[in-house]
Amino acid sequence: MIPEGHPRRRVLGGLLAAGGAVTLAAVAAPASADARTGGATGATVVLVHGVFADASGWNAVTARLLKAGHQVIAPANPLRDLAGDSAYLSSVIATIPGPVVLVGHSYGGEVITNAARGHAHVKALVYVAAFAPDEGESALQLAGRFPGSMLADALVTRPLPGGADADGYIDPAKFHDVFAQDLPRATTRVMAVSQRPGSLGGLAGPSGVPAWKGLPSWYVVADADRVIPPALQRFMAERAGSRSAEVKGASHVVMMSRPDAVVRQIDAAYRATR
């Protein structure tokens, strides 16, 4: 574990406030001919998870979107560094025919902000308790703007080979109270032991020109988030000109605890692309 006061721990405390939703998977299904989606001509919704997480954190949202006839992909986010993670998502986007709606949770918001550039078929961005950085900003810089995150005191690290960097995790004993306090403890115990880490050095990378400056965006503010302070979420949503919806009492994993609220924002973005 990195000792208290160590510079890397301070970086970690801010950076991994870019924390994420929750497990790996890629789910895709063709749209139905539902009048709401317009069948296979509708946009593909791409769900991007963040740190401490994988794509299974989107399961409740994915199930609802598929039931409504949407085309959905929930790729695994590598969580190695912002530039590399964004390039990977960009490569996924390049394979999708037709319009795309990008949805990012937590650190996944940074990734969609950068990966959307250069893809004219990306029509909208949806931020779910997520970072929406401006050019040159990192999660570390943003996380320090407002008080309220409990993440720094809950972090543990594991050195990477060579010792030049480390991966960060949330202490399993603190995972429920910090990351997902509105989910059952039986659920968060499983999430805690299966969480995916983020590389500390990699997560320090500055963001590029933000796609939200040229694309319409929507934001889901988690009112009781203990990872990314709600005040910071409101600030980023207002700055990006996002159409914002606040979910009272929702933890950082609002897409798991309040999936219907998240789906409503995704659906609003989807309909706007038509």
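Residues numbered from 1 in each chain as written. Predicted model: local features only at pLDDT ≥ 70, side-chain atom pairs only at ≥ 80, totals over all residues. Heavy atoms only, no water.

Describing empty space enclosed by the protein
Defined as follows: In this analysis the probe radius is 1.4 Å and the grid spacing 1 Å, with only protein atoms considered; a cavity is a set of points the probe fits into but cannot get out of, a pocket is an open set with protein on both sides within 12 Å along at least five of seven lines, and lining residues have an atom within 4 Å of a point. Grid points are joined across faces, edges and corners, and a volume is the space filled by probe spheres set on the points. Per the convention used, a helix needs a DSSP run of H or I reaching at least four residues, while a strand needs a run of E reaching at least two, with both numbered from the N terminus. In the scheme used here, Gly and all other residues not listed as nonpolar or charged are polar, with Ala, Val, Leu, Ile, Met, Phe, Trp, Tyr, Cys and Pro taken as nonpolar and Asp, Glu, Lys and Arg as charged.
Counted by the stated rule, this structure contains one cavity of 30 Å³ or more. Taken as a whole, the largest cavity holds about 40 Å³ of empty space. Forming the boundary of the largest cavity are Val48, Pro75, Ala76, Asn77, Pro78, Asp85, Tyr88, Leu89 and Val111. The element that contributes the greatest number of residues to the lining of the largest cavity is helix H3 (residues 82-94), accounting for three residues. Here the lining of the largest cavity is composed, by residue class, of seven nonpolar, one polar and one charged.

Comments concerning the pattern of salt bridges
Here is the rule we go by: By convention in these notes, a salt bridge is any Lys or Arg side-chain nitrogen within 4 Å of a carboxyl oxygen on Asp or Glu. Each residue is assigned to one of three classes by its accessible area relative to the maximum for its type, calculated with a 1.4 Å probe on protein chains only: buried under 20%, partly exposed between the two thresholds, exposed over 50%.
Counted by the stated rule, this structure contains 11 salt bridges. Arginine 80 is the salt-bridge partner of aspartate 167, the closest N and O atoms lying 3.1 Å from each other. Here the residue aspartate 167 occupies a position in strand E6 (residues 166-170), and arginine 80 occupies one in the loop between strand E2 (71-73) and H3, the gap between them amounting to 87 residues. Assessed through its relative accessible area of 33%, arginine 80 is described here as partly exposed.

Some thoughts on the sheet that holds strand E3 (residues 100-105)
Just so we agree on the cut-off: When DSSP finds two or more bridges between a pair of strands, those strands are recorded as paired. Note on definitions: angles span 0 to 180 degrees between N-to-C directions of axes, and those axes are lines fitted to C-alpha atoms, for helices only across the stretch in contact. Any pair of residues with heavy atoms lying within 4.5 Å of one another is described as a contacting pair.
What the six strands build is an open sheet, ordered E2-E1-E3-E4-E8-E9; its pairing is parallel. For this open sheet the edge positions go to E2 and strand E9 (243-247), each flanked by a neighbour on one side alone. Taken pair by pair, the neighbouring strands of this sheet meet at an average axis angle of 20°, ignoring direction. Of the pairings in the sheet, the one linking E3 to strand E4 (residues 122-128) comprises six bridges and is parallel in character. Residue pairing for E4: leucine 102 is matched across the bridge by leucine 125. Contacting strand E1 (44-48) and E2, helix H2 (residues 59-67) crosses the sheet at an angle of about 175° to E1.

Side note on the packing of aromatic side chains
The cut-off we apply is this: In this analysis, rings of Phe, Tyr and Trp, with Trp reduced to its six-membered ring, are considered paired at centre separations within 6.5 Å, and the interplanar angle assigns stacked below 30 degrees, edge-to-face beyond 60, and tilted for intermediate values.
By the definition in use, this model includes four aromatic pairs. With centroids separated by 5.9 Å and ring planes inclined at 50°, the aromatic side chains of phenylalanine 146 and phenylalanine 235 adopt a geometry described as tilted. Separated by 89 residues along the polypeptide, phenylalanine 146 in the loop between helix H5 (139-143) and strand E5 (155-159) and phenylalanine 235 in helix H8 (residues 230-240) bring together distant segments of the chain. With centroids separated by 4.8 Å and ring planes inclined at 50°, the aromatic side chains of phenylalanine 175 and phenylalanine 179 adopt a geometry described as tilted. Taken as a pair, phenylalanine 175 and phenylalanine 179 lie in helix H6 (residues 172-179) at a separation of four residues, close to a single helical turn.

Topic: the sheet that holds E6
Taken in spatial order, the three strands line up as E5-E6-E7 in an open sheet, and their pairing is antiparallel. Looking at which strands have only one partner, the edges of the open sheet turn out to be E5 and strand E7 (198-199). In this structure, E5 lies alongside E6, joined through five bridges in antiparallel fashion. Across the sheet, residue arginine 158 finds its bridge partner in E6, namely aspartate 167.

Remarks on the side chain of aspartate 85
Just so we agree on the cut-off: Under the convention used here, Asp and Glu are negative, Lys and Arg are positive, and both His and the chain ends fall outside the count. Counted as a polar contact is a pair of N or O atoms within 3.5 Å, where, for protein atoms, one must be capable of donating a hydrogen and the other of accepting one, and residues adjacent in sequence contribute only when both atoms are in side chains.
Assignment of secondary structure puts aspartate 85 in helix H3. We note that aspartate 85 is buried and unpaired, the nearest opposite charge coming from arginine 80 at a distance of 6.3 Å. Looking at aspartate 85, its side chain comes within polar contact range of the main-chain nitrogen of arginine 80, at 3.1 Å.

What about the pairing of E4?
In summary, the side chains of a regular strand alternate between the two faces of the sheet. Heads up, the rule is: Here is how to tell: hold the view so the strands point away, follow the path from the first strand over the helix to the second, and if it runs clockwise the crossover is right-handed.
Across the seven residues that make up E4, a large majority, six, are buried. On the question of chirality, the crossover connecting E3 to the parallel E4 by way of helix H4 (residues 107-115) is right-handed. Relative to strand E8 (residues 217-222), E4 runs parallel, the two sharing four bridges. Counted as the bridge partner of leucine 125 is serine 217 from E8.

Here we look at the environment of threonine 44
In this fold, threonine 44 is placed in strand E1. Relative accessible area serves as the criterion here: at 5%, threonine 44 is assigned to the buried category. With 27 residues separating them along the chain, threonine 44 and glutamine 71 place their C-alpha atoms 4.8 Å apart. Not counting residues up to four positions away in its chain, the partners in contact with threonine 44 are Gln71, Ile73, Ile96, Pro99, Val100 and Val101.

Overview of the nonpolar core
Convention followed: Think of a nonpolar core as a cluster: buried Ala, Val, Leu, Ile, Met, Phe, Trp, Tyr and Cys residues, connected wherever their side-chain atoms sit within 4.5 Å.
In terms of nonpolar packing, the biggest core is built from 80 residues, with Leu47 and Leu125 touching the most fellow members. Top contributing element to this core by residue count: helix H10 (residues 259-272), with seven residues. Beyond its immediate stretch of four places on either side in the chain, leucine 125 contacts Leu102, Ile112, Ala116, Ala211, Trp212, Leu215, Pro216, Ser217 and Trp218.

Examining the confidence of the model for the protein
Rule in force here: Confidence of the predictor at the level of single residues is given by pLDDT, which spans 0 to 100.
Across the protein, the average pLDDT comes to 87, with 85% of residues at 70 or higher. Of the regions scoring below 50 in pLDDT, residues 1-40 engages in 152 contacts with residues more than four places distant in sequence or in other chains.

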